[in-house]
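Each chain is listed here by its residues.
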Amino acid sequence: MYSCSDLKKGLKLMIDGEPHVIAQFDFSKPGKGQALYRCKLRNMITGSLFDRTYRSSESFEPASLEENKMQFLYQDETGYVFMDNRTFEQTTLTDEALGDAKYFLIDNMEVEILLFNERGIGITLPNFVELRVSKSDPWVKGDTAQGNNKPAEVETGYNLQVPSFVDEGQIIRIDTRTGEYVTRVKG
Amino acid sequence: MTNWSLARKKDNLHKRARIVQTIRAFFIDRDFLEVETPLRIPANAPEIHILAEPSGDWFLQTSPELCMKRLLAANYPRLFQISRCWRQQERGSRHLPEFTMLEWYQTASDYLDLMNCCEELLRALAPEGRILVQGRSINLTAPFKRLSVEQAFCQYGSSSMEQALADGSFDEQIAIQIEPHLGWTTPCFLYDYPAEMAALARKKPSDPRVAERFELYIGGLELANAFSELTDPTEQRLRFDEEEKARRTAALPPYPLPGKFLDELTYLSDCAGIALGIDRLLMLLIGTGDIRDVVAFAPEDL
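Conventions we followed
Residues numbered from 1 in each chain as written. Chains lettered and ligands numbered in written order. Predicted model: local features only at pLDDT ≥ 70, side-chain atom pairs only at ≥ 80, totals over all residues. Heavy atoms only, no water. Phe/Tyr/Trp six-rings, centres within 6.5 Å; stacked < 30°, edge-to-face > 60°. Helix = DSSP H or I, 4+ residues; strand = E, 2+ residues; numbered from the N terminus. Buried < 20%, exposed > 50% of the residue type's maximum accessible area, 1.4 Å probe, protein only. Domains from an automatic or database assignment. Contact = heavy atoms within 4.5 Å. Buried area = accessible area lost by both parts, 1.4 Å probe. Pairing = 2+ DSSP bridges. Axes fitted to C-alpha atoms, helices over the stretch in contact; angles between N-to-C directions. Polar contact = N/O pair within 3.5 Å; in protein donor to acceptor, adjacent residues only side chain to side chain. Lys, Arg positive; Asp, Glu negative; His and termini not counted. Salt bridge = Lys/Arg side-chain N within 4 Å of Asp/Glu carboxyl O. Expected span 1.5 Å × (residues − 1). Left-handed = near helix turned anticlockwise from the far one by under 90°. Nonpolar A, V, L, I, M, F, W, Y, C, P; charged D, E, K, R; others polar. pLDDT = per-residue confidence, 0-100.

Observations concerning the packing of aromatic side chains
Residues and elements named next belong to chain B. Enumeration over the complete set of coordinates arrives at 18 aromatic pairs over all chains. Taking the centre distance of 5.2 Å and the plane angle of 25° together, the rings of F27 and F80 count as stacked. Here F27, found in helix α2 (residues 10–29), pairs with F80, found in strand β5 (residues 78–86); they are 53 residues apart in sequence, far enough to count as distant. Overall, F27 belongs to the buried group, its relative accessible area being 0%. For F80, a relative accessible area of 0% translates into the label buried. Among the aromatic residues, ring-to-ring pairing joins F26, F27, F32, F80 and W104 into one connected group.

Some words on the domain arrangement of chain A
Residues and elements named next belong to chain A. Per the domain assignment, the segments making up chain A are domain 1 (2–62), domain 2 (65–124) and domain 3 (128–185). Taken over C-alpha atoms, the centre of domain 2 sits 26 Å from the centre of domain 3. On the domain 3 side, the residues contacting the five residues of domain 2 number nine residues. Interface area for domain 2 against domain 3, summed over the two sides, is near 570 Å², with a carbon-plus-sulfur share of 80%. Among the residues domain 2 hides against domain 3, the three largest losses belong to Y103, F104 and I106. Together they make up 87% of the total.

Description of the sheet that holds strand β2 (residues 12–15) of chain A
On the basis of which strands lie adjacent, the open sheet formed by six strands has the order β1-β6-β2-β3-β4-β5 (chain A) and antiparallel pairing. Only two strands of the sheet have a single neighbouring strand rather than two, namely β1 (2–3) and β5 (49–55) of chain A. Sheet topology places strand β4 (residues 36–43) of chain A next to β5 of chain A; seven bridges connect them, and they run antiparallel. Considered in β5 of chain A, the bridge of R38 of chain A is made with T53 of chain A. This element, helix α7 (residues 170–178) of chain B, spans β3 (18–28), β4 and β5 of chain A of the sheet and lies at about 65° to β4 of chain A.

Some words on the pairing of strand β13 (residues 149–154) of chain A
Residues and elements named next belong to chain A. With five of its six residues buried, β13 lies for the most part within the structure. Where strand β12 (residues 128–135) lies against β13, two bridges are found, and the strand directions are antiparallel. When the sheet's bridge partners are listed, V133 is paired in β13 with V154. Relative to strand β14 (residues 159–163), β13 runs antiparallel, the two sharing five bridges. When the sheet's bridge partners are listed, K150 is paired in β14 with V162. Between β13 and the antiparallel strand that follows it, β14, lie four residues; G157 among them carries a positive phi value of about 95°.

A look at the side chain of R16 of chain B
Residue and element names in this part refer to chain B. Take R16: it is sitting in helix α2. For R16, a relative accessible area of 13% corresponds to the buried category. At a separation of 2.9 Å, a polar atom in the side chain of R16 contacts the main-chain carbonyl oxygen of V294.

So, the side chain of E103 of chain B
All names here are of chain B. Among the structural elements, E103 can be located in strand β6 (residues 98–107). The charged side chain of E103 is buried without a salt bridge, its nearest counter-charge being R87 at 5.9 Å. In this structure the side chain of E103 is engaged in a polar contact, spanning 2.8 Å, whose partner is the side chain of S63.

A few points about helix α4 (residues 111–125) of chain B
All names here are of chain B. Along its 15 residues, α4 runs 21 Å from first to last C-alpha, staying within 8% of the 21 Å computed at 1.5 Å per residue. Regarding α4, the residues found buried are Y111, L114, M115, C117, C118, E119, L121, L122 and L125. Where α4 begins, the capping side chain belongs to D110, and its oxygen is found 3.1 Å from the backbone nitrogen of L112.

Regarding the packing of helix α5 (residues 149–156) of chain B against α7 of chain B
All names here are of chain B. Viewed as axis vectors pointing N to C, α5 and α7 meet at an angle of 60°, and their least axial separation amounts to 11 Å. Handedness of the α5/α7 crossing: left-handed. Contact residues: V149, A152, F153 and Y156 in α5; F170, Q173, I174, Q177 and I178 in α7. In terms of residue class, the contact of α5 with α7 is built from seven nonpolar, two polar and no charged.

Observations regarding the interface of chain B and chain A
In this assembly, 30 residues from chain B lie in contact with 27 residues from chain A. At the boundary of chain B with chain A, total buried surface from both sides reaches about 2,500 Å², with 48% on carbon and sulfur atoms. Where chain B touches chain A, the interface holds four salt bridges. The residue K29 of chain A makes a salt bridge to E90 of chain B at a minimum N-O spacing of 3.1 Å. Counting every contact that joins chain B to chain A gives nine residue pairs in polar contact (both at pLDDT 80 or more). Sorting the residues of the side of chain B that touches chain A by element identifies α1 (4–7), α7, β12 (207–218) and β13 (221–228) of chain B as the ones contributing at least two each. Considering every element that reaches the side of chain B that touches chain A, the biggest residue donor is α7 of chain B, with five residues.

So, the confidence of the model for chain A
Scored by pLDDT, chain A comes out at a mean of 90, with 96% of its residues at no less than 70. The lowest-confidence element of chain A is helix α1 (residues 95–98) of chain A, averaging 86 in pLDDT; the highest-confidence one is strand β15 (residues 171–175) of chain A, averaging 96.

Concerning the environment of G47 of chain A
Residues and elements named next belong to chain A. Examined against the element boundaries, G47 turns out to sit in the loop between β4 and β5. In this structure G47 comes out as partly exposed when scored by relative accessible area, which is 23%. The spacing of G47 and I172 is 125 residues in sequence and 30 Å in space, taken between C-alpha atoms.

Written as structure tokens, this is what we have:
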């Protein structure tokens, strides 16, 4: 069982017999009051999002989902298509099932497909992914609102903050668990 | 490659250092004595919802409050301290388990005097007279709004304060329904908390259901907690006993009572004290919603 102190973004829980993933998480504690654990949860089967607040006395059943290693093939109008390289079986995941993970998919990437009742309902990505910066304006010195950061977009359409020295066309490494910039990659 | 998550904070850390210097100058100019009290102590004030970090047989302080009040009781009339505090299991976008607290205390004053002092401090820290939070400009030059907890429940809560206390939804209503509305045109003092939620505060003479306690909110962020201090040792002992009883009911480990503090409370005259989170203040002055942006290292970075 998980306790409240285990709760964090990306953790998967069983709620009313269905797997849910924490899409957003924050800890809150009004002055001198009790700790409240505020979650935005996504039902991994229906994709529906809802808010739930837990107190520290509560505990949670982990959603232990079977994983199957598959390769990302392509995206079409039905969704994102993956293939098991041993059985050649294919499975399609919807946009909602992938969430932000869709921004970190690269052709032929190997991922873990999460299964519930033999159906693919989500993926686990490698911890780091390398993507090319497709758009980023030159940094304007004096624009200190963001410190030394500036906004950038990578080839998959994902937007993030990068250091001022990162230029368009460069390849950067992103931590898929946090969605944050890690470093520039030579190349 | 440089660690960018550290390198990117350079401007913020420079700003942090400057702000802390301004705070020191503010209090020294007003004849407050800066003190340093031990971070590792035999007993904190027992409070049901605050978990102290054990350190050997003792504890890391959850606040310098008890040592500050012992000095006050020994005739130090105006004191301030900027120190580290530890509270277990508190980590979120506005919480760090190890954080920096500014506390100041003065004798012959009450929580209303502290409200005025907060207004002056904020104006000294943001001389442009406003703070920008999420694109909204919060005016610091006008008198700050004062809203009683009871009024806040009427205005934003789903029930009255009395009802919320009875059904156990007080904290949830404060955190989810009330806090997000507070302190957007001017900062806001939320004041007069139910007496059972202020173990170290004096009860209001005209309405003993509530204690003379306030919290300062800016842009929905809770920044400071203040009291007219409880100076009656007998009542203080009773309040601590109640907190300890509540801890036992919640199956929490017992805490030792701060004996010397209770003994010396007899010599404490009327006074008021306040704790202000420096990291949260910096979040407001720097313009970030993530406390990790204003410290060099969060626990995950170690």
